[in-house]
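Single-letter residue listing:
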Amino acid sequence: MTEHSWFNEDGAPGHALRDCVAAATAAPSIHNTQPWLFRVRGEAVDVLVDPSRRLPAADPHGREMHVSVGAAVFNLVVAVRARGRQAHVMLMPDPVRSDVVARVRLGREATPRASALALAEVISRRHTNRRPYQDRPVPADVLADLSLAAQREGV
């Protein structure tokens, strides 16, 4: 993939980077508030929390808002990896700006893993499910897979 697909000649984000940020905006969020902002800074994308989108009654401490922003960061990382670049995440990279939740730095080119391709493919198919949960335990092997996936992501 050429560098021009990531950045235009004037340094503005190219179509590959814009597509990755669009994938990040498809993340699930509390009551579809989409409480995130993105700022491209050179070879990195800052992901900011937008406190004006917090729901004080439903989320008085902003926990769900931050979980939503974390989902956007994850989608961004998956999209970058699926497009053939490494993605390096730094959480809370600016000690002065608490609204900058993460910085995703574009790394060198890398062959996308099958897992990144599979996850990126389903980003656009995610949808809200407001039906009640079934009253049955989650199988142990599913819990183990989820735990391993969380550990791999450092969460």
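Here is a short report on the structure shown in this document. Since we're looking at a predicted model, the values are computed, not measured.

### A short note on unusual backbone geometry
Positive phi values are uncommon outside glycine, yet His-31 reaches one of about 50 degrees. Counting through the fold element by element, His-31 comes out in the loop between α2 (15-25) and β1 (36-41). Here Asn-32, not a glycine, exhibits a phi torsion of approximately 55 degrees, which is positive. Looking at where Asn-32 falls in the secondary structure, it is placed in the loop between α2 and β1. By relative accessible area, Asn-32 is classed as exposed at 51%.

### Things to note about the environment of Val-96
For Val-96, the position within the fold is in the loop between β3 (85-91) and β4 (100-109). Looking at Val-96, the relative accessible area reads 73%, which means it is exposed. C-alpha separation for the pair Val-96 and Ala-118, spaced 22 residues apart in sequence, amounts to 37 Å.

### Focus: the sheet that holds β3
Strand order across the open sheet formed by four strands is β1-β2-β4-β3, with antiparallel pairing between neighbours. The open sheet has two free edges, formed respectively by β1 and β3, since each of these has just one partner strand. Sheet twist, expressed as the average angle between the axes of neighbouring strands with direction ignored, equals 25 degrees. Pairing analysis gives five bridges linking strand β2 (residues 44-49) to β4, with the strands arranged antiparallel. Bridge assignment links Val-45 to a residue of β4, and that residue is Val-104. Docked against the sheet, helix α3 (residues 63-82) engages β1, β2, β3 and β4, running at close to 160 degrees with respect to β3.

### Describing the layout of surface pockets
In this structure, the largest pocket encloses a volume near 1,200 Å³. Around the largest pocket, the lining comprises 32 residues; the ones closest to its centre are Phe-74, Val-77, Arg-81, Arg-152 and Glu-153. For the lining of the largest pocket, the elements supplying multiple residues, two or more each, are α3, β3, β4, α4 (114-123) and α5 (140-153). Broken down by element, the residue count for the lining of the largest pocket peaks at eight residues, all from α3. Residue classes in the lining of the largest pocket are distributed as 19 nonpolar, eight polar and five charged.

### Thoughts on the packing of α2 against α3
Packing of α2 against α3 brings their axes to within 7 Å, and their N-to-C directions diverge by 145 degrees. Relative to α3, α2 is oriented so that their crossing is right-handed. Facing α2, whose interface residues are Cys-20, Val-21, Ala-23 and Ala-24, α3 presents Ala-72, Asn-75, Leu-76, Ala-79 and Val-80. Partitioning the contact of α2 with α3 into residue classes produces eight nonpolar, one polar and no charged.

Here is what the cut-offs are and how they apply
Each chain has its residues counted from 1, following the order in which its sequence is written. Per-residue local features are limited, in this predicted model, to residues with pLDDT of at least 70; the limit for side-chain atom pairs, both in listing and counting, is 80 or more; totals at the level of whole chains, interfaces and linings are taken over all residues. Side-chain calculation: all heavy atoms of the structure are included, whereas hydrogens and water are not. Working definition: helices are DSSP H or I runs of at least four residues, strands are E runs of at least two. Numbering for both runs from the N terminus. Type-normalised accessible area, obtained with a 1.4 Å probe on protein chains alone, sets the label of each residue: buried when under 20%, exposed when over 50%, and partly exposed for intermediate values. When DSSP finds two or more bridges between a pair of strands, those strands are recorded as paired. Lines fitted to C-alpha atoms define the axes here, with helix axes fitted over just the stretch in contact, and angles between the N-to-C directions of these axes take values from 0 to 180 degrees. By definition, residues are in contact when any of their heavy atoms lie within 4.5 Å. Cavities and pockets are found on a 1 Å grid laid over the protein atoms alone: a cavity is a set of points where a 1.4 Å probe fits but cannot escape, a pocket is an open set with protein on both sides within 12 Å along at least five of seven lines, and a lining residue has an atom within 4 Å of such a point. Grid points are joined across faces, edges and corners, and a volume is the space filled by probe spheres set on the points. Side-chain classes follow a simple rule in which Ala, Val, Leu, Ile, Met, Phe, Trp, Tyr, Cys and Pro form the nonpolar group, Asp, Glu, Lys and Arg form the charged group, and the remainder, Gly included, forms the polar group. Take the far helix as the reference: if the near one is turned anticlockwise from it by less than a right angle, the crossing is left-handed, and if turned clockwise, right-handed.

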